[in-house]
Amino acid sequence: MTRPRRTTTSALLAVIAALVLVGSVATTASAGPRHRVVYDALGDSYASGYGVPPYTACGRSQSAYPVQLDGRHRVQLDDFVACAGATTVSLVAGGQLTALDADTDLVTLSIGGNDVGWSTAVVACLGGTDAQCAGATALVDARIRGELPALLDTVYAQVAAAAPDARVVVTGYPRLFSAEHGAYLAASVAELTALNTAADTLAAVNSAAADRAGFQYVDVRKRFTDHGANAPDPWILGPTDPAAFHPTADGYEAYTAAVNSALGRVRLC
């Protein structure tokens, strides 16, 4: 007796469904656990989160952008070794590079501001004479242009050698002032603008060095627009704070947003 067509079709569909289910289970089983991105954070006080206490060693704060990035984009913060006051030289001498190895997938790095004596220009402009401000700003600008490129090239090459398979993200520095809000302490609008111009030069030099090294540069200046130390809603701490001219908690959230956005546009290792 011939089996009805409906019964034959139902049986065939059941077999196909079973095969699809088995294939799905096999694929899921073979995929295994999702890879976590091993992340090491290096740099100076802007990377350590200095400005938002309490701190652990080296002025490291839970408000730092490396801590806030932990868990995003499959990122797992492995070594957080950024240290307040670090320069391109002390970063290496202080052992930060030992955090890196062949297992490192992602590195963030903020460095260079302390190498050029940036704080001396800020102090000279906010508390000194016009001549002192002009002299200090010119000296910092000369160091940024003349000395910093080679220093950055050297430390970036060492980072690349220590973490050969990692994606390296270099974070820049914000402009410290919002000149549109007028003079601040002893600094005129023109002097604040000159300090911001030096910050722009620092950004350009850091970005170019990152490009030469094959690293990604994250520019945070636009994030801090209208949030300078003299703005109504400052994201930069003022001169009376123990961590003067470092980001506030809101400022570090802006850093986190900038890096998080950059990571969302790239494929990590």
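To be clear, the structure that these remarks concern was listed above.
Note that the structure is predicted; figures quoted are calculated from it, not measured.

Peer 1: Run through the overall build of the chain, naming residues and quoting values.
Peer 2: The helix and strand tally for the chain stands at nine helices and seven strands. Burial status across the chain gives 48% buried among its 269 residues. Residue pairs at least 24 apart in sequence account for 75% of intrachain contacts in the chain once pairs closer than 6 positions are excluded. Only carbon and sulfur atoms are counted for the fraction: they give 58% of the accessible area of the chain, which is about 12800 Å².

Peer 1: So what about the state of the cysteines? Which residues, and what values?
Peer 2: Per the stated rule, a full pass over the model turns up two disulfides. The side chain of Cys58 participates in a disulfide bridge whose partner is Cys83; the two sulfur atoms lie 2.0 Å from each other. Of note, the bridge from Cys58 to Cys83 carries an S-S torsion of about -70 degrees and is left-handed in sense. With a gap of 25 residues between them, Cys58 in the loop between β2 (55-56) and β3 (60-61) and Cys83 in the loop between β4 (75-80) and α4 (88-93) connect regions that are remote in the sequence. Of the residues examined, Cys58 reaches a relative accessible area of 31% and is grouped as partly exposed. At a sulfur-sulfur separation of 2.0 Å, the disulfide partner of Cys125 is Cys133. Its S-S torsion of approximately 80 degrees makes the covalent link between Cys125 and Cys133 right-handed. Of the residues examined, Cys125 reaches a relative accessible area of 0% and is grouped as buried.

Peer 1: Mind laying out the sheet that holds strand β6 (residues 167-171), listing which residues take part and the relevant values?
Peer 2: Spatially, the five strands line up as an open sheet ordered β4-β1-β5-β6-β7, and their pairing is parallel. At either end of the open sheet lies a strand with only one pairing partner, and these are β4 and β7 (216-218). Strand-to-strand twist in this sheet, taken as the mean axis angle between neighbours without regard to direction, amounts to 25 degrees. In this structure, strand β1 (residues 37-43) lies alongside strand β5 (residues 106-110), joined through five bridges in parallel fashion. Each residue of the ladder has a partner; that of Tyr39, found in β5, is Leu106. Sheet contacts for helix α7 (residues 148-162): β1, β5 and β6; angle to β5, the most-contacted strand, approximately 165 degrees. Of the strands in this sheet, β6 and β7 touch helix α8 (residues 189-213), which is tilted by about 155 degrees from β7.

Peer 1: Lay out the packing of aromatic side chains with the relevant residues and their values.
Peer 2: The tally for this structure, following the rule as stated, stands at ten aromatic pairs. Ring geometry for Phe224 against Trp235: centres 6.0 Å apart, planes inclined by 80 degrees, an arrangement best described as edge-to-face. Of this pair, Phe224 sits in the loop between β7 and α9 (249-264) while Trp235 sits in the loop between β7 and α9, placing them eleven residues apart in sequence. Here Phe224 matches Trp235 in class, with each residue buried. Measuring from ring centre to ring centre gives 6.3 Å for Tyr252 and Tyr255, while their planes differ by 40 degrees; the resulting arrangement is tilted. Here Tyr255 and Tyr252 lie together in helix α9, a separation of three residues that amounts to about one turn. Each member of the pair, Tyr252 together with Tyr255, is buried. Three or more aromatic residues link up through ring pairs in this structure, and these residues are Tyr46, Tyr65, Tyr173, Phe224, Trp235, Tyr252 and Tyr255.

Peer 1: Explain a negative patch on the surface residue by residue, including any values.
Peer 2: Side chains of Glu180, Asp226, Asp233, Asp250 and Glu253 sit close together on the surface and give a patch of like negative charge. Here Asp226 lies in the loop between β7 and α9. Take Asp226: its relative accessible area is 37%, and that puts it in the partly exposed class.

Peer 1: Please provide a residue-by-residue account of unusual backbone geometry, values included.
Peer 2: Put simply, Pro53 and Pro54 share a cis peptide bond, and its omega is 5 degrees. Looking at where Pro54 falls in the secondary structure, it is placed in the loop between α2 (45-48) and β2. The phi torsion at Phe245 lies on the positive side, around 65 degrees, for a residue other than glycine. When you line up the elements, Phe245 lands in the loop between β7 and α9.

Peer 1: I'd like a description of the environment of Val37, backed by residues and values.
Peer 2: Assignment of secondary structure puts Val37 in strand β1. Look at Val37 and you get buried, because its relative accessible area is 0%. Between the alpha carbons of Val37 and Gln76 there is a distance of 5.7 Å; along the sequence they are 39 residues apart.

Reading the values: rules and limits
Residues numbered from 1 in each chain as written. Predicted model: local features only at pLDDT ≥ 70, side-chain atom pairs only at ≥ 80, totals over all residues. Heavy atoms only, no water. Helix = DSSP H or I, 4+ residues; strand = E, 2+ residues; numbered from the N terminus. Buried < 20%, exposed > 50% of the residue type's maximum accessible area, 1.4 Å probe, protein only. Contact = heavy atoms within 4.5 Å. Areas by Shrake-Rupley, 256 points an atom, 1.4 Å probe, with all protein chains shown as cover. Disulfide = S-S within 2.5 Å. Pairing = 2+ DSSP bridges. Axes fitted to C-alpha atoms, helices over the stretch in contact; angles between N-to-C directions. Phe/Tyr/Trp six-rings, centres within 6.5 Å; stacked < 30°, edge-to-face > 60°. Patch = residues over 30% accessible without salt bridge, like charges linked within 9 Å, V, L, I, M, F, W, Y side chains within 5 Å. Salt bridge = Lys/Arg side-chain N within 4 Å of Asp/Glu carboxyl O. Lys, Arg positive; Asp, Glu negative; His and termini not counted. Charge placed at Lys NZ, Arg CZ, Asp CG, Glu CD.

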